[in-house]
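The primary structure of each chain is shown beneath.
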Amino acid sequence: MRLSEIANRLKLSYEGEDIEINGVSGLDHPVAGTIGFIENKRMVADAENSVIDAFIVPEGVTLRKPFLVAKEPKYTFSLVVEWFSPYKPYETGISPQAYVHPTAKLGKNVTILPFACIMEDVEIGENTIIYPHVFIGKGSRIGNNCVIKSGVKIDDLTTLGDRVIIHHNTVIGGDGFGYVVHDGKNVKIPQIGRIRIGNDVEIGACVTVDRAALGETVIEDDVKIDNLVQIAHNVHIGAHSIIVAQVGIAGSSSLGEGCILAGQVGVADHVKIHDRVVVMAQSGVEDKEVPSGKILFGTPARDFMEQKRILAAQLRLPELVKRVGEIEKRLGIERE
Amino acid sequence: MRLSEIANRLKLSYEGEDIEINGVSGLDHPVAGTIGFIENKRMVADAENSVIDAFIVPEGVTLRKPFLVAKEPKYTFSLVVEWFSPYKPYETGISPQAYVHPTAKLGKNVTILPFACIMEDVEIGENTIIYPHVFIGKGSRIGNNCVIKSGVKIDDLTTLGDRVIIHHNTVIGGDGFGYVVHDGKNVKIPQIGRIRIGNDVEIGACVTVDRAALGETVIEDDVKIDNLVQIAHNVHIGAHSIIVAQVGIAGSSSLGEGCILAGQVGVADHVKIHDRVVVMAQSGVEDKEVPSGKILFGTPARDFMEQKRILAAQLRLPELVKRVGEIEKRLGIERE
Amino acid sequence: MRLSEIANRLKLSYEGEDIEINGVSGLDHPVAGTIGFIENKRMVADAENSVIDAFIVPEGVTLRKPFLVAKEPKYTFSLVVEWFSPYKPYETGISPQAYVHPTAKLGKNVTILPFACIMEDVEIGENTIIYPHVFIGKGSRIGNNCVIKSGVKIDDLTTLGDRVIIHHNTVIGGDGFGYVVHDGKNVKIPQIGRIRIGNDVEIGACVTVDRAALGETVIEDDVKIDNLVQIAHNVHIGAHSIIVAQVGIAGSSSLGEGCILAGQVGVADHVKIHDRVVVMAQSGVEDKEVPSGKILFGTPARDFMEQKRILAAQLRLPELVKRVGEIEKRLGIERE
């Protein structure tokens, strides 16, 4: 593909020679013959010294190499990346080796691959692709243009919006974890609630989302969830939030809009986290209410800056113990 | 369903009007037309002010609304919840699209759904339901009245008791993680032991239970395990214990009866935890022996009250560093 | 099997009576009629007092029981363990209930069990066994003598070496977790890279390995990965490394050769860990570069010995706060 064709498709103009572009690469692993991107002026030297032949640059930046100017270089780059993908779409149609219950309603252009299992009263929207070994339980509804990867299990009465992507072996609809002790035994509290997932949600591999005890577990529009995350019963995740791998959110907790939970974070039950809260990796949130915009770190999670000060002071703790001992000696204070 | 019918079924009497009940709800998400429950007097005002129309209350409590009196309101409520479940049972019978080895022995009234795979010499007890995409390896035995959800993998020679529920995509019987270095390489130690799971055990989704190196990995009766938990080889979990999501228990460790491990706890290998020990979320237990009844917190896990005192003191640590500096100044002690 | 036969097969000589051996066991769960092993002289008394009838011992050690002498007793024992395994191999051949795309190339003696799904242009090497419900996406290549357990999902264009073992429900090839904010929404950055896995790699159950954004996610030869581990896009894991259960490694980070990450460790993104680094359980590594041979502990991970000193000092922290208060009182320093 020539640089001019890339510029044309993006409706942007280019500067420099109209070279041939064979792929995309980044500055951390630069490859000759490709197009890359930079996000600010500080990266100009790196870009010019790299083997990458052309760049998408932000407004106000020029390069001694062919370049395209874009308002949002990273976003524009992500559009170009797609064009060079070696991955090919799967053939459409319903495999004769899939199981589709006669009452299931399939939209136009749905793909169902071998050994997928679509139960009674399921509805699947247009252009959605269901990979092998997917199970969709009774009465669940999948929206349009969804991609449900191999081995995903969606239990009964679950609702998914449009353009939802779910990666392999994720489970939507295990029972919430609720018991009551009776006669010295743990008796199961039936989990009769449901799960509702909005539009444009992406969920990674081996994630577990439990259905509500009563009511609903809810993942709002445009939430992105990484691999191996646990979402317990009755959790509510606000729109546009980002949940990184191996996070666990306990029962009935909620996140506002635009929150970010970094990897391996734990959130206790019945915690209410407001909008745009950021929780640093491995932290454990137990405060019952977290105000908007807070940045938290540590277990138990505290204000990020305060925690940083404590961690810095910790480094001096062994020395501090000695210093206090010396002061006591000087003052003649006896210690056993 | 009328309140009188609910009372009848429970063999309890009711007070107030015999109203129509259309469902169940809780005080956190109250719904009109439903029945709820309260566990003590302090919740009476909340109950009376909510839109919920009737309540199950403990003995000695009365309400200015229709109510039923029960010894254990939460337990009684859990019985009522079941009656309002919108989930319908799956049809019984053996799907012609399942694979069942001719040597497998199936009890009366077993259900096997499409694409389940039952290998040589497997035995499955009465009334057990096997969902799609379940794999049961050679010689494994599943008890009566079990529910094995879609995608569960039970490898060879595993034994499950009666009334066991296993949620989707859980793996029972991966090899334990054991290697010996030889010629600079990690050589696999064959894992030839087995797994035994008792009665009334419930295991969440995407859990991994490894088979023993030699001997057995054991989960005793009435243990309840949440999602994404790791149980390593030769672990022994005592009866009635509760293991919350994302816990990891390393090789050869044991839990006594009635223990509770909160979310994301880690237990090192060869740790012996005695009865009724509680470990708080995200803690890491490395002491080789933990006495009965202890409550632990932190990494490394310490006595809960001691850890709380340390955490409180940590908040004062940055200030403490300054204070010691001032004292030294006052005393003319020089610091570089 | 007689002791003499075991010795013969191992090409070792034995001392003592040529007794009958019916199995293997370890000193933690000793069983009569079996053979065990000890690794050093300190275990001689335990060995002699146990019910185990014969032992493999290191050079220079003798026993008042039948024994074999081996250079590496644990390694030799692991060879013997295999002979007593009750697990039987699965029948070879291609199940008529599997789906194999006509363009797939299968080596000699490949086994494909029911409901496995082998897509277009897949290549599978000799003697490899594919269990039920495995999905292998377009254009992926599996080496010789691999074991791919039930429910494993290997997405398109992935390469596996020889003698690779992957346990149940593991996912190789979910998309990396990458988004760019555009118009207030999280827009997906297409993940068009690949995954390459070397020879002699073993991966546990419910592990997730993401494909690269661009370039490759790489797991080198002889790496061993436990259950429920997260390997993000563009991660590179050096040969012979050991990754224990529930570890998470974030995007673009790399491990050198022979590293050990203990259970539940987290590694932040773009971290470069050099050879033979050991990270203790539950630690969080955020330093951008970790030199060879370091031992790390804590969150944030610090030098192990330093962290141990800090933890010891922490135990004295509540007392230290009091002591500083007393000193101030003595000196007449006022505090609010």
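Residues numbered from 1 in each chain as written. Chains lettered and ligands numbered in written order. Predicted model: local features only at pLDDT ≥ 70, side-chain atom pairs only at ≥ 80, totals over all residues. Heavy atoms only, no water.

**Q** Would you mind showing me how to read the overall build of chain A here?
**A** The secondary structure content of chain A amounts to 5 helices and 39 strands. For 336 residues, the compact-globule estimate of 2.2 N^0.38 gives 20 Å, and chain A exceeds it by more than 25% at 26 Å. C-alpha extents for chain A along the principal axes are approximately 85 × 70 × 30 Å. A burial count over chain A gives 60% of its 336 residues as buried. Summarising the internal contacts of chain A: among those between residues at least 6 apart in sequence, 16% fall at separations of at least 24. Per element, the accessible surface of chain A, about 13,200 Å² overall, is 50% carbon and sulfur. (Helix = DSSP H or I, 4+ residues; strand = E, 2+ residues; numbered from the N terminus. Rg over C-alpha atoms; globule rule 2.2 N^0.38 Å. Buried < 20%, exposed > 50% of the residue type's maximum accessible area, 1.4 Å probe, protein only. Contact = heavy atoms within 4.5 Å. Areas by Shrake-Rupley, 256 points an atom, 1.4 Å probe, with all protein chains shown as cover.)

**Q** Where do I start with the pattern of salt bridges in this structure?
**A** Close approach of charged atoms allows side chains of opposite charge to pair. The full count for this structure, using the stated rule, is 57 salt bridges over all chains. Its salt-bridge partner being B:E202, residue A:K188 comes within 2.6 Å of it at the nearest N-O pair. Of this pair, A:K188 sits in strand β21 (residues 185-188) while B:E202 sits in strand β23 (residues 202-203), which puts the two residues in different chains. Residue classification places B:E202 among the buried residues on the basis of a relative accessible area of 4%. As a salt-bridge pair, A:E319 and A:R323 come within 2.6 Å of each other at their nearest N and O atoms. (Salt bridge = Lys/Arg side-chain N within 4 Å of Asp/Glu carboxyl O.)

**Q** Can you help me understand the relation of the copies chain A and chain C in this one?
**A** For the pair of chain copies, the relating operation is a rotation around an axis with a shift along it. Here chain A sits on chain C after a turn of 120 degrees about the axis and a move of 0.0 Å along it, with an RMSD of 0.0 Å. Both copies are brought into coincidence by an operation consistent with a three-fold rotation axis. (Least-squares fit on C-alpha atoms with pLDDT ≥ 70 in both.)

**Q** When you look at the environment of B:V24 in this model, what are you seeing that I'm missing?
**A** With respect to the helices and strands, the residue B:V24 is situated in strand β2 (residues 23-24). For the pair formed by B:V24 and B:G36, sequence separation is 12 residues and the distance between their alpha carbons is 5.9 Å. Aside from chain neighbours lying at most four places away, what touches B:V24 is A:I192, A:L214, B:T34, B:I35, B:F77, B:V80, B:V81 and B:F84.

**Q** Honestly, the packing of aromatic side chains in this entry has me stumped. Any pointers?
**A** What describes a pair of aromatic rings is the distance from one ring centre to the other and the angle between the planes of the rings. Tallying each qualifying case throughout the model produces 21 aromatic pairs over all chains. Their ring planes at 85 degrees and their centres at 5.1 Å tell us that B:F177 and B:Y179 sit as a pair that is edge-to-face. The two residues B:F177 and B:Y179 agree in class, both being buried. When the ring of C:F37 is compared with that of C:F77, the centres are 4.7 Å apart and the planes differ by 35 degrees; the resulting orientation is tilted. Linking C:F37 in strand β3 (residues 34-37) with C:F77 in helix α3 (residues 73-83), this pair joins segments that are 40 residues apart in sequence. Residue classification places C:F77 among the buried positions, given a relative accessible area of 5%. By the ring-pair criterion, three or more aromatic residues cluster together here, those being A:Y90, A:Y131 and C:F135. (Phe/Tyr/Trp six-rings, centres within 6.5 Å; stacked < 30°, edge-to-face > 60°.)

**Q** Teacher, can you tell me more about the interface of chain A and chain B here?
**A** In many reports, interface size means the accessible area that the parts give up when they come together. Contacts between chain A and chain B engage 77 residues on the former and 68 residues on the latter. Of all residues in chain A, A:F177, A:N186 and A:I192 bury the most surface against chain B, accounting for 11% of the area lost on that side. Here chain A and chain B share 5 salt bridges between them. Residue B:K149 is joined to A:D155 by a salt bridge in which the shortest nitrogen-to-oxygen separation is 2.9 Å. In this structure, the connection of chain A to chain B is made through 33 residue pairs in polar contact (both at pLDDT 80 or more). Elements supplying a minimum of two residues to the side of chain A that touches chain B: β19 (171-175), β20 (179-182), β21, β24 (208-211), α4 (304-315) and α5 (317-331) of chain A. Top element by residues in the side of chain A that touches chain B is α5(A). It accounts for 8 residues. (Buried area = accessible area lost by both parts, 1.4 Å probe. Polar contact = N/O pair within 3.5 Å; in protein donor to acceptor, adjacent residues only side chain to side chain.)

**Q** Help me understand the interface of chain A and chain C, please; the structure alone is not making it clear to me.
**A** Chain A puts 67 residues into the contact, and the matching count from chain C is 77 residues. Of all residues in chain A, A:Y87, A:Y90 and A:Q282 bury the most surface against chain C, accounting for 12% of the area lost on that side. Linking chain A with chain C are 5 salt bridges, by the criterion used here. Residues A:E328 and C:R323 are paired through a salt bridge, measuring 2.7 Å at the closest nitrogen-oxygen approach. Viewed at the interface, chain C and chain A are joined by 34 residue pairs in polar contact (both at pLDDT 80 or more). When residues of the side of chain A that touches chain C are traced back to their parent elements, those giving at least two are α3 (73-83), β26 (224-225), β29 (242-243), α4 and α5 of chain A. Per-element accounting of the side of chain A that touches chain C gives the leading share, 9 residues, to α5(A). Class assignment for the residues of the side of chain A that touches chain C results in 33 nonpolar, 19 polar and 15 charged. (Nonpolar A, V, L, I, M, F, W, Y, C, P; charged D, E, K, R; others polar.)

**Q** What exactly am I supposed to notice about the UniProt feature "active site" (unreviewed entry) in chain A here?
**A** Residue and element names in this part refer to chain A. In the numbering adopted here, UniProt assigns the feature "active site" (unreviewed entry) to H233. With respect to the helices, strands and loops of the structure, H233 is situated in the loop between β27 (230-231) and β28 (236-237). Here H233 is in contact with G176, F177, G178, Q191, D210, R211, A212, A213, T217, G251 and S252, once residues within four sequence places are set aside. Side chain to side chain, H233 and Q191 meet in a polar contact 2.7 Å long. (UniProt positions renumbered as here; feature names shortened; annotations may be inferred.)

**Q** So what exactly am I meant to see when it comes to the sheet that holds strand β35 (residues 278-279) of chain B here?
**A** Adjacent strands of a sheet form backbone hydrogen bonds with each other and so pair up, either parallel or antiparallel. Residue and element names in this part refer to chain B. The mixed open sheet is built from 12 strands, whose spatial order is β6-β9-β12-β15-β18-β23-β26-β29-β32-β35-β38-β39. Single-partner strands in this sheet number two, and they are β6 (93-94) and β39 (302-303). With 2 bridges connecting them, strand β26 (residues 224-225) and strand β29 (residues 242-243) associate as parallel partners. Residue pairing in the sheet places I225 in a bridge with I243 of β29. (Pairing = 2+ DSSP bridges.)

**Q** It is not clear to me how the pairing of strand β3 (residues 34-37) of chain B should be interpreted in this structure. Could you clarify?
**A** Moving residue by residue along a regular strand, the side chains alternate between the two faces of the sheet. All names here are of chain B. By the alternation rule, side chains of β3 split into T34 and G36 and I35 and F37, which are all buried. As judged from the 2 bridges shared by β2 and β3, these two strands associate in the parallel manner. Across the sheet, the residue bridging to G23 is T34, located in β3. Two strands pair when backbone bridges link them, and β3 and strand β4 (residues 54-58) are joined in this way by 3 bridges, in the parallel orientation. Bridged to F37 within β4 is I56.

**Q** Explanation requested: helix α1 (residues 3-10) of chain A in the structure shown.
**A** An α-helical segment advances 3.6 residues per turn. Residues three or four places apart therefore align on the same side. Residues and elements named next belong to chain A. Turning to α1, its buried residues number three or more, namely L3, I6, A7 and L10. Viewed end-on, α1 has its buried residues packed into an arc of 100 degrees, placing them on one side of the element. As for α1, its buried residues are in contact with β1 (14-15), β3 (34-37), β4 (54-58), β5 (67-70) and α3. Of the residues trailing α1, K11 is marked for its positive phi of about 55 degrees. (Arc of directions from axis to C-beta.)

**Q** Could you clarify how one ought to interpret the state of the cysteines in this entry?
**A** Two cysteines form a disulfide when their sulfur atoms are joined by a covalent bond. Applying the stated criterion across every chain, the model contains 0 disulfides over all chains. No disulfide involves A:C206; its sulfur sits 5.0 Å from the nearest other cysteine sulfur, which is in C:C206. Accessibility expressed as a relative area gives 0% for A:C206, which makes it buried. (Disulfide = S-S within 2.5 Å.)

**Q** Whenever I open this one, unusual backbone geometry confuses me. Can you help?
**A** Leaving glycine out, the prevailing phi sign among residues is negative, and the prevailing peptide bond configuration is trans. All names here are of chain A. Cis geometry is found at the peptide bond from T299 to P300, where omega equals -5 degrees. Following the sequence through the fold, P300 ends up in the loop between β38 (295-297) and β39 (302-303). The backbone phi angle of N109 is positive, close to 65 degrees, even though this residue is not glycine. The topology assignment puts N109 in the loop between β8 (105-106) and β9 (111-112).

**Q** Just to check I follow, could you spell out the sheet that holds strand β33 (residues 266-267) of chain A for this structure?
**A** Residue and element names in this part refer to chain A. Taking strand neighbours across the sheet as the criterion, the 10 strands line up as β7-β10-β13-β16-β19-β24-β27-β30-β33-β36 in an open arrangement whose pairing is parallel. Edge positions in the sheet fall to β7 (99-100) and β36 (284-285), since each of these pairs with one other strand and no more. Strand direction decides the pairing type here: strand β30 (residues 248-249) and β33, joined by 2 bridges, are parallel. Following the sheet pairing, G248 is matched in β33 by G266.

**Q** Please clarify how the environment of C:I165 should be interpreted in this entry.
**A** Relative to the helices and strands, C:I165 is located in strand β18 (residues 165-166). Through-space distance from the C-alpha of C:I165 to that of C:G204 is 8.3 Å; in sequence the pair is 39 residues apart. The residues contacting C:I165, other than those within four sequence positions of it, are B:K188, C:V147, C:V201, C:E202 and C:I203.

**Q** What exactly am I supposed to notice about the environment of C:A98 here?
**A** For C:A98, the position within the fold is in the loop between β6 (93-94) and β7 (99-100). Exposure remark for C:A98: the relative accessible area of 9% places this residue in the buried category. Spatially, the C-alpha atoms of C:A98 and C:I118 are 8.1 Å apart, while their sequence positions differ by 20 residues. Dropping the residues within four chain positions of it, C:A98 is found in contact with A:Q97, A:F115, C:I112, C:L113, C:P114, C:F115 and C:A116.

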